[in-house]
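# Chains, contacts and geometry: an overview
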Amino acid sequence: MAYQILVVDDEKLIVKGIKFSLEQDGMEVTAAYDGEEALQNIKEKNFDLVVLDVMLPKMDGLEVCQQTREFSQVPIIMVTAKGEDMDKIMGLEYGADDYITKPFNILELKARIKAILRRSVKKAPTETQEKKVLKARDLELSFDSRRVFISGKEVNLTAKEFDLLELLVTNPNKVYSRESLLEYVWGNKAMVSGDVRTVDVHVRRLREKIEPSPSDPKYVHTKWGVGYFFRA
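Reading guide: rules and limits
Residues numbered from 1 in each chain as written. Predicted model: local features only at pLDDT ≥ 70, side-chain atom pairs only at ≥ 80, totals over all residues. Heavy atoms only, no water. Pairing = 2+ DSSP bridges. Helix = DSSP H or I, 4+ residues; strand = E, 2+ residues; numbered from the N terminus. Axes fitted to C-alpha atoms, helices over the stretch in contact; angles between N-to-C directions. Contact = heavy atoms within 4.5 Å. Phe/Tyr/Trp six-rings, centres within 6.5 Å; stacked < 30°, edge-to-face > 60°. Buried < 20%, exposed > 50% of the residue type's maximum accessible area, 1.4 Å probe, protein only. Lys NZ or Arg CZ within 6 Å of the ring centre and 35° of its normal. Salt bridge = Lys/Arg side-chain N within 4 Å of Asp/Glu carboxyl O. 1 Å grid on protein atoms, 1.4 Å probe; cavity = no way out; pocket = protein on both sides within 12 Å on 5 of 7 lines; lining within 4 Å. Points joined across faces, edges and corners; volume = space filled by probe spheres on them. Nonpolar A, V, L, I, M, F, W, Y, C, P; charged D, E, K, R; others polar.

Looking now at the sheet that holds strand β6 (residues 133-136). Here we have four strands laid out as an open sheet, ordered β6-β7-β8-β9, and antiparallel in their pairing. For this open sheet the edge positions go to β6 and β9 (153-155), each flanked by a neighbour on one side alone. Going from strand to strand, the sheet's axes swing by 25° on average, the running direction of each strand aside. Two elements, β6 and strand β7 (residues 139-142), share four bridges in a ladder whose sense is antiparallel. Opposite Lys135, over in β7, you have Glu140 as the bridge partner. Relative to the sheet, helix α6 (residues 159-169) contacts β6, β7 and β8 (147-150), its axis offset from that of β7 by approximately 110°.

Bringing the packing of aromatic side chains into the picture now. Summed over the entire model, instances satisfying the criterion amount to one aromatic pair. When the ring of Tyr219 is compared with that of Phe230, the centres are 6.0 Å apart and the planes differ by 10°; the resulting orientation is stacked. Here Phe230 lies in strand β12 (residues 227-230) and Tyr219 lies in the loop between α8 (196-210) and β11 (220-223), a separation of 11 residues in the sequence. The exposure class of Phe230 is buried, given its relative accessible area of 2%. Positioned over the ring face of Tyr33 is Lys12, at 5.1 Å from the centre of the ring.

What follows covers the pattern of salt bridges. Tallied over the entire structure, the rule returns 17 salt bridges. Each of Asp9, Glu11, Asp53 and Lys102 takes part in one network of salt bridges that share partners.

Attention shifts here to the side chain of Thr68. With respect to the element layout, Thr68 can be found in helix α3 (residues 61-68). The class of Thr68 is buried, set by a relative accessible area of 0%. Apart from residues no more than four positions distant in its own chain, Thr68 is found in contact with Leu39, Ile42, Val74 and Ile76.

On to the layout of surface pockets. Taken as a whole, the second largest pocket spans an internal volume of roughly 210 Å³. In terms of lining residues, the second largest pocket is bounded by 14 residues, among which Asp200, Arg207, Thr222, Trp224 and Tyr228 are the most central. Contributions of two or more residues to the lining of the second largest pocket are made by α8, β11 and β12. For the lining of the second largest pocket, the element with the most residues is α8, which contributes five residues. Of the residues assigned to the lining of the second largest pocket, the class counts are five nonpolar, three polar and six charged.

What follows is the structure, encoded as structure tokens:
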């Protein structure tokens, strides 16, 4: 089945260009031109990914993202016309998985979309398929279904939060710098100023979801001046 993508932007020419390019790759694209229309589409349809502009009429993209996270973990790429780091970070604070700044190269956007789709696709389990599950104290990570449980209770993570946790869990006690995490999890080999804060935001949000006491973590630890690691 073709991937279902929602593209949200009030500039119809931009939507048309993205739609045409993604359809060339066999994806099915739905367009929305304001925040309310976007949120309604997300509630009614099962999308594989949403490309969401920040500046929208009726309801801005950050609010759409925040409300979406109340009922769905669909991967979201935020699009901003501004270059300030805070706009990017705010998009991630509201639950986005990635961001791209206008003007952008359509090939870069497509590369980001495909990278997220590869990571977030869920394999249907079969009777003969062995589940790959890793347990560490109260934490249980299922790689096939991309689900996380704490003391038997499921925790909803975004695609990027899961990718980050998966990398750290499968390499216990190995310290990763923020730059390394950007490259491994986000695929950003060429960092721009401020991007490393994206990692800090995701680690903080991940801790808030999996740690009994985020300020005194027992799973994801900080090696001051170096980076982050998962304590086995």
